[in-house]
Each structure stands twice: as C-alpha cells, then as structure tokens.
Amino acid sequence: MIVTMVSMPEVTVTRTDVSEARERLATARFLIVDVELPEEAPADDEGVARQLGLEADDLDWFGRKDEPARADFLGEKAGFVVPVIHDDRVAYIHALVTEQFLVTVHRGQAGLASNISAQLRHERPPDVVAVLFLLLQGALATFRRAAVQDLLLTEELEDDMFQKRRPEQVYRLSKLRRRSALLHHSLLPYLQVVDEVFTRRMLNPNFPEERQRLAQEFQHAARLVLAHIESLQDASRRAFASYSSLAAGEQNGVINRLAIVSTIFLPLTFLSGFFGMNFTYLTDELESKVVFWLLAVGLQVAVLFVAFYVLHRTRIWRRLRDED
C-alpha cells in the first residue's frame, strides 16, 4: 500500500505510511490522502477504511475490488466510486470526503493525485468539497479525451475506406465500436447515480449556493461527455454502414461483369451443346460445308451481335464504367 498526502493550503505533497496518514486524518482540517493498492493484491479483511481510522459500518465497500459505480451521502461523509480511463482501460477510484479531508483509493496507478496537485496550486480551492469536484471533473475529462480521440480515429478510418477498402478496416471498426460501448456502459450508470444524489441534495434549502454551482457545472460537463460518447457510437455505426455500402457496390460490379459474360457466352454455350448432340438429322442431313459454316460460324457471330446489341441497349457497359 502506497499512501500520498497533500496538505492544504500550502499544497505540500508527502509520501507516507498508513500509521502517519491515520494520525493526520484524526486532526486534519484540510487534507487529501491518496492510497494506491496493488492490482492483484488479495482482499484485506480489515479494510482500507479501518486501517486509516475511518471506522464505520457503512464503509465496507471502500477500497473493495470490483465495486460498481456509487454515489452516497453518509451523514457527515459522502462516498463515491468514480470510473476513469487509464491506459486505455476503465479503472475505478473510491473517494470519501468530509469537511476536513478527502481520501481516494485505487488499485494500480489509476489515481489523479498528481494532476489534482497541479490544479490545486493554480486554482486554490476553498475547501475539501471543491477538491472533490476537481476529482470528479478530472475523471470526466479522461472519458472526454478518450471519446474525442476515438471519434477522430473513426472519421479517419472512414475516409481511408473511401480511398481503398481493406479487410483489416472491419477489425479496427469493430474495436472502435466495442470501445464506444465500453465507455458508454462504464459512464452511464455512474452519471445516473451521481445525478440522482446531486439533484436530491440541491433540493435541500440548506445546500450551500457555491456547492450547488459546482454540482450544476458537473452535471453540465457530464451531459457534454455523454454526448461525445454517443457521437462516437453514431460515427462507428455510420462507418460500418459505409463499409457495407462499399462492399455492396463492389459486389454489384462483380454481378454486372457476370451479367456481361453470361449474356455473351450462354447463347454460344447453348448452340455448341445443341449442335454437338448426335441427332440423326444433325449427323445425316447437315453434311455440306455451307451448312457447317452457316451454323458453326455464322449463327454464333449473329448471336454475338445480338448479345452486344442487348448490352448496348441496357447500358450495362456504361454503368460498369461509371462504377469503376
């Protein structure tokens, strides 16, 4: 377990152990604690909350692996399980905030402590709750960056398809479509629970005006990020439709070529097969050279002229040339 503390208002970052963090939390007035747990570590029976001296029966979920998205007000405390995009995967940060401190727990290097410490030096938030909203906004920013980046990749891939269609483009489109579904599936449940909690708190007349403003800004930013993800989903569907249209167009070209070949050679094949049969009339009566040249060459030449005339009248040549 790696514990990092950020002391305010001086914005002092300190790497420490659990015992010191526990002592500081007991007396802190403005403290941020970030706890990094090993990704593959077994579940601790004692729990992160009890190790930090945050003993409460309703904090069993805090730091637990595979915990779903959460947003709860627990009397003097508020608890959140916040999804973030880290190294092209979805990670979850557990956050516990009071009027005195903010504690975040995550597995692996998925925390936002380094980014938040840089923001704290510039923005100087007035209290810990404002820092919490910086954390929530930072988590939304990871989804927004991922959605915008994938949206640009989808549009570039769609442009490449119109230049030259290749089979590997289907695989890349499938990955982008799955990525958009993952972003939407991870963010939407979290936004729903957070929106319900914030809306309920804002209806309380005792909810401070400044925090109400922060909550409204978060809700507005959340709607924009969700719109970016939905745009990514629409773009991936449109790219799949474009690929299908291009494939269908190429198949139409192949069918037109087969139609041309069939129009020319099917009558010739029929004539060759018909006059190649051993009927008595064919073998006994049609013996002269004139009849041979008339049937063997003249009839087939006539059929070719008729076939080319049909192709010209139906404009299959022109359609094939325009498609090419």
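The model shown is predicted, which means the values in this text are computed figures rather than measured ones.

Draft legend 1. Fine view of the pairing of strand 7 (residues 101–107). Counted residue by residue, strand 7 has seven buried out of seven residues, so it is predominantly covered. Going residue by residue along strand 7, you find Phe-101, Val-103, Val-105 and Arg-107 tucked away on one face and Leu-102, Thr-104 and His-106 tucked away on the opposite face as well. Pairing between strand 6 (residues 89–97) and strand 7: four bridges, direction antiparallel. Note on strand 7: the bridge partner recorded for Val-97 is Leu-102. Between strand 6 and strand 7, which pair antiparallel in sequence order, lie three residues.

Draft legend 2. View of a nonpolar patch on the surface. A cluster of nonpolar side chains, Phe-270, Phe-274, Phe-275, Met-277, Phe-279 and Leu-299, forms an exposed patch at the surface whose accessible area comes to about 540 Å². With three residues, the single largest contributor to the nonpolar patch is helix 6 (residues 209–275). Along the polypeptide, Phe-274 turns up in helix 6. By relative accessible area, Phe-274 is classed as partly exposed at 35%.

What counts and what doesn't
- Per chain, the residues get numbers from 1 upward, laid out in the order the sequence is written.
- Owing to the predicted nature of the model, reporting of local features is limited to residues with pLDDT of at least 70; listing and counting of side-chain atom pairs is limited to 80 or more, with chain, interface and lining totals taken over all residues.
- With hydrogens and water excluded, all non-hydrogen atoms of the structure serve as input to the side-chain values.
- Burial status follows relative accessibility: with a 1.4 Å probe on protein chains alone, a residue under 20% of its type maximum counts as buried, one over 50% as exposed, and anything between as partly exposed.
- Secondary structure elements follow DSSP: runs of H or I no shorter than four residues count as helices, runs of E no shorter than two count as strands, and numbering proceeds from the N terminus.
- Pairing between strands requires that DSSP locate at least two bridges from one strand to the other.
- Here a patch means residues that are over 30% exposed by relative accessible area and free of salt bridges, tied together within 9 Å if like-charged and within 5 Å if nonpolar (Val, Leu, Ile, Met, Phe, Trp, Tyr).
- Using the Shrake-Rupley algorithm and a 1.4 Å probe, accessible areas are obtained, with residue cover drawn only from the displayed protein chains.
- We count a salt bridge whenever a side-chain nitrogen from Lys or Arg sits within 4 Å of a carboxyl oxygen from Asp or Glu.

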